[in-house]
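Structure assessment
Each chain, letter by letter, is given below.
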Amino acid sequence: MQIVIASGKGGVGKSTVTASLLYLLKDEYRLIAVDADAEAPNLGLLLGVTEWEEEREHIGAKIARINTETCIRCGICQMRCPYECIYVDDEGNYVVNELTCEGCNVCGLVCPVPGTITLEQVRSGVIRRAITKYGFPIISAQLDVGRPESGKLVTEEKEWAKQIMKEQNLEHMIVDSAAGIGCQVIASVGGADVAILIAEPTPASLSDVQRVYKVVQHFHEPAYLIINKADINPGFTKLREWAEQEGIPILGEIPYDSAIPKSMSMLRPFIEAFPESKASQAIREIAEAIKQEIIK
Amino acid sequence: MQIAISGGKGGTGKSTVAINVAVELAKRFKLILADLDVEAPNDHLLLGVELQNEEEVNQFMPKFDYSKCIKCRKCAEVCEEHAIITLKDGTPFLMPTLCSGCRACEIVCPVPGAIQEGSRLIGHTYVTPTPYGFTLVTGKLREGEERSMPLVVAAKKRLKNLDYELLIVDTAAGTGNTVSKAIEGSQLLIAVTEPTPLGIHDTELILQLGKLMGIETWVVINRADLGDVNEVYERAERYNAKVIAEIPYSENIVKTYVSGTPIVTTDYPEAEIFRGIAERIYEFLRG
Ligand code: SF4
Ligand code: SF4
Ligand code: SF4
Ligand code: SF4
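For chain B, an unreviewed UniProt entry supplies the name Cobalamin biosynthesis protein CobQ and the organism Pyrococcus kukulkanii.

Looking up chain A in an unreviewed UniProt entry gives the name ATP-binding protein, with the organism given as Pyrococcus kukulkanii.

This is the structure:
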């Protein structure tokens, strides 16, 4: 089974909750974890991974380059680039901004001097594999700074994870998705069997989780909700109301607990570092609910 | 003038810094705050305002006129997104969600009129007056759309027609090319970070981006008492970036965040820290 954990917004505790859930489920199930936040991966860190066993470079991003020797400075490429990535430098040369180029090759197609603009394949990042000290494997990716196509890295991660699942006869893939609703999240949610949404009771988090829920609905996946930092904003009932209206079952609520930031500094799941904390008691109940309602 | 506020990872308090600094600096500049976190725009919620002046962002999408198409497959071959599939006989079909609207297919199609102008709604931009003397510009990607780049570009285009002296850009999390697109054109980049091992890891990436883009970079440490700030200072130094402020974890900040009231408009002692950051930026911009 493939379970994706998403939140829409960053900083609501998605990765910390995921790390503790993995910890609680690891003994009963054969799991693989996928950190699908290729721009800011940290599930591996939270699970104490310090060294990767295998690292694959992902060559896939394409970037346009302009040969200033043959360029006649007509400016057509700059006019036609859909993302405004071509600029004129101090010497009057037309230059592609490699940190924003999407690699669509429109500039190459419209340039009147053949061969002046070439589309080059460059590294977009790396995908890595490790065994956590808890016994289950993890796949993680890191997009190189300023590169496009983080979604493709995530798709590749999931492919690799599927292959490992087959080889090692694993049962469940737990995908920790990125913030937002863009390509990385779509790649994370697409193909999952169930989505677990994590939100905190604030207007910003509600707005973002509603958006990611629409993406989940698009893929017709059943969704569940975990409310994190449930007590930080007592007057705010809209998150629960929304879940009720949409018929999204609430798996549980985790109170704000200073054990969580402390455990993060220790780079350990909070359930392991502070098993008696309020948050740990809550996550144990949530893990039970997941076993009964989702994994079965 | 333009400055960018970014953070590497999500949830570091980037938007809190952005809105508070905007409220302060709006006293001195004709100011626009641009929320370019198009996948999860929240600045309006933190400012307690409703988005206004909605404009659609539509993207080109090829529409095939099969009576003219000669099934040469050129459009499919040139499409970097593999959004066009062809049948055995060469008939092209579009998979709309993969299309980025770049028009490469239209450019290569040898038959005039075989590819016609279609379009798809991919999101919206908004221009919202705030009660704090500045305007908020927001880009919002439609759910189910994959690419945030066109929305960032559209929001930046809408900005160009507005009148301002200072633009503050609030970016998405991460360090991919849409974040660099948002930052592009800034004289100053402020990275908001947390002193946790995870925060430090992500800060390093945003510092790298600042360096690659050749932009002066400052660091603001949020929730400074949750970890070892020395680590952050050390990393910042490595990239020639200055740490300009430390913000402690505070219930008051959480309270104002949740209620949609910028903390600089209150009497809480923490307001002074944000005013201090705004003052530093003001001095920097004045030269
Ligand atoms: S490849 Fe596309 S995005 Fe890159 S510079 Fe050329 S036209 Fe612009
Ligand atoms: S279109 Fe070609 S020749 Fe014209 S400015 Fe661009 S690179 Fe130079
Ligand atoms: S507009 Fe660009 S992405 Fe869309 S089908 Fe044409 S070539 Fe492909
Ligand atoms: S390039 Fe034009 S003529 Fe050729 S297959 Fe595509 S639409 Fe048809």
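Structure shown, so let's carry the discussion forward.
On to the nonpolar core. Among the nonpolar cores identified, the biggest contains 74 residues, and Leu197(A), Leu239(A), Trp242(A) and Ile183(B) are the most heavily contacted of them. Every residue in contact with Trp242(A), bar those within four places of it in the chain, is listed here: Leu197(A), Leu206(A), Val209(A), Gln210(A), Tyr213(A) and Ile248(A). Counting 42 residues, the second-largest nonpolar core is a separate cluster that includes Leu31(A), Ile174(A), Val194(A) and Ile260(A).

To continue, consider the site of ligand 4. In the vicinity of ligand 4 lie 13 residues, with Cys69(B), Cys72(B), Arg73(B), Cys75(B) and Cys109(B) positioned nearest. Of the residues belonging to the shell around ligand 4, the class tally is ten nonpolar, no polar and three charged.

Residues and elements named next belong to chain B. Inspection of the region around ligand 3 gives 13 residues, with Cys79, Cys99, Ser100, Cys102 and Cys105 positioned closest. At the level of elements, β3 (55–64) and α4 (104–108) are the ones that each hand at least two residues to the shell around ligand 3. Across the shell around ligand 3, the residue classes tally to nine nonpolar, two polar and two charged.

A word on the pairing of strand β6 (residues 117–131) of chain A. Bridge count between strand β3 (residues 54–66) of chain A and β6(A): twelve bridges; the pairing is antiparallel. Considered in β6(A), the bridge of Ala61(A) is made with Val122(A).

Here we come to the side chain of Ser7(A). Residues and elements named next belong to chain A. Tracing the sequence through the fold places serine 7 in the loop between β1 (2–6) and α1 (14–25). You can call serine 7 buried: its relative accessible area is 0%. A polar atom in the side chain of serine 7 sits 2.6 Å from the backbone oxygen of lysine 9. Residues within four places of serine 7 in sequence aside, it is in contact with Val12, Lys14, Ile198, Asp208, Val209 and Val212.

Turning next to the sheet that holds strand β9 (residues 188–193) of chain B. Residues and elements named next belong to chain B. Strand order in this open sheet of nine strands is β3-β6-β7-β2-β8-β1-β9-β10-β11, and the pairing throughout is mixed. Strands at the two margins of the open sheet, each flanked by one partner only, are β3 and β11 (242–246). The average angle at which neighbouring strand axes cross in this sheet is 20°, direction not considered. Relative to strand β10 (residues 216–221), β9 is paired through six bridges, and the arrangement is parallel. Residue threonine 193 lies in a different strand from β10, and its bridge partner there is isoleucine 221. Sheet contacts for helix α1 (residues 14–25): β1 (2–6), β2 (31–35), β8 (166–170), β9 and β10; angle to β8, the most-contacted strand, approximately 165°.

Take the pattern of salt bridges next. In this structure the tally under the stated criterion is 40 salt bridges over all chains. With its nearest N and O atoms 3.6 Å apart, the salt bridge here joins Glu84(A) to Lys157(B). Of the two residues, Glu84(A) is situated in the loop between α3 (76–80) and β4 (86–88) and Lys157(B) in helix α5 (residues 149–160); the pairing between them involves two chains. In this structure Lys157(B) comes out as partly exposed when scored by relative accessible area, which is 43%. Across the pair Glu231(B) and Arg235(B) runs a salt bridge whose closest N-O atoms are separated by 3.2 Å. Here the residue Glu231(B) and the residue Arg235(B) both occupy positions in helix α8 (residues 229–238), the gap between them amounting to four residues, near one helical turn. Given a relative accessible area of 17%, Arg235(B) falls into the buried group. Put simply, Glu204(B), Glu231(B), Glu234(B), Arg235(B) and Arg238(B) are held in one network by salt bridges that share partners.

Looking now at the domain arrangement of chain B. All names here are of chain B. Partitioning chain B into structural domains gives domain 1 (2–57 + 124–286) and domain 2 (58–121). For domain 1 versus domain 2, the separation of C-alpha centres amounts to 38 Å. Summing both partners gives a buried area of about 790 Å² for domain 1 against domain 2, and 41% of it is carried by carbon and sulfur. Per-residue buried area on domain 1 facing domain 2 is highest for Val57, Glu145 and Arg147; these three make up 55% of the total on that side. Joining domain 1 to domain 2, the criterion identifies two salt bridges.

Turning our attention to the packing of aromatic side chains. Ring pairs (aromatic) are described by centroid distance and by the angle formed between their planes. All names here are of chain A. Scanning the entire structure with this criterion turns up eight aromatic pairs over all chains. An angle of 90° between the planes, with centres 5.6 Å apart, marks the rings of tyrosine 213 and tryptophan 242 as edge-to-face. Remark: tryptophan 242 occurs in helix α8 (residues 238–246) and tyrosine 213 occurs in helix α7 (residues 203–218); sequence separation between them is 29 residues. Assessed through its relative accessible area of 7%, tryptophan 242 is described here as buried.

A few words now on the sheet that holds strand β7 (residues 137–143) of chain A. Residue and element names in this part refer to chain A. The strand order across the open sheet formed by nine strands is β3-β6-β7-β2-β8-β1-β9-β10-β11, and the pairing between neighbours is mixed. The open sheet has two edge strands, β3 and β11 (250–253), and neither has a second partner. For this sheet, the mean angle separating the axes of adjacent strands, direction not counted, is 20°. The sheet strands contacting α7 are β1, β9 (194–199) and β10 (223–227), and the helix crosses β9 at an angle near 170°. Where helix α11 (residues 278–295) meets the sheet, its contacts fall on β1, β8 (172–177), β9, β10 and β11, and the angle it forms with β11 comes to roughly 170°.

Here the focus is the domain arrangement of chain A. Residues and elements named next belong to chain A. What the domain assignment reports for chain A is domain 1 (2–49 + 132–294) and domain 2 (59–123). Using C-alpha coordinates to define each centre, domain 1 is positioned 39 Å away from domain 2. The interface is formed by six residues belonging to domain 1 together with ten residues belonging to domain 2. Summed over both sides, the interface of domain 1 with domain 2 buries roughly 620 Å², with 41% coming from carbon and sulfur. Three residues, Asp144, Arg147 and Pro148, lead the burial of domain 1 against domain 2; their summed loss comes to 69% of the area buried on that side. On the surface where domain 1 and domain 2 come into contact, there are one salt bridge.

Scoring rules and cut-offs
Residues numbered from 1 in each chain as written. Chains lettered and ligands numbered in written order. Predicted model: local features only at pLDDT ≥ 70, side-chain atom pairs only at ≥ 80, totals over all residues. Heavy atoms only, no water. Core = buried A, V, L, I, M, F, W, Y, C linked by side-chain atoms within 4.5 Å. Buried < 20%, exposed > 50% of the residue type's maximum accessible area, 1.4 Å probe, protein only. Contact = heavy atoms within 4.5 Å. Near = heavy atom within 4 Å. Nonpolar A, V, L, I, M, F, W, Y, C, P; charged D, E, K, R; others polar. Helix = DSSP H or I, 4+ residues; strand = E, 2+ residues; numbered from the N terminus. Pairing = 2+ DSSP bridges. Polar contact = N/O pair within 3.5 Å; in protein donor to acceptor, adjacent residues only side chain to side chain. Axes fitted to C-alpha atoms, helices over the stretch in contact; angles between N-to-C directions. Salt bridge = Lys/Arg side-chain N within 4 Å of Asp/Glu carboxyl O. Domains from an automatic or database assignment. Buried area = accessible area lost by both parts, 1.4 Å probe. Phe/Tyr/Trp six-rings, centres within 6.5 Å; stacked < 30°, edge-to-face > 60°.

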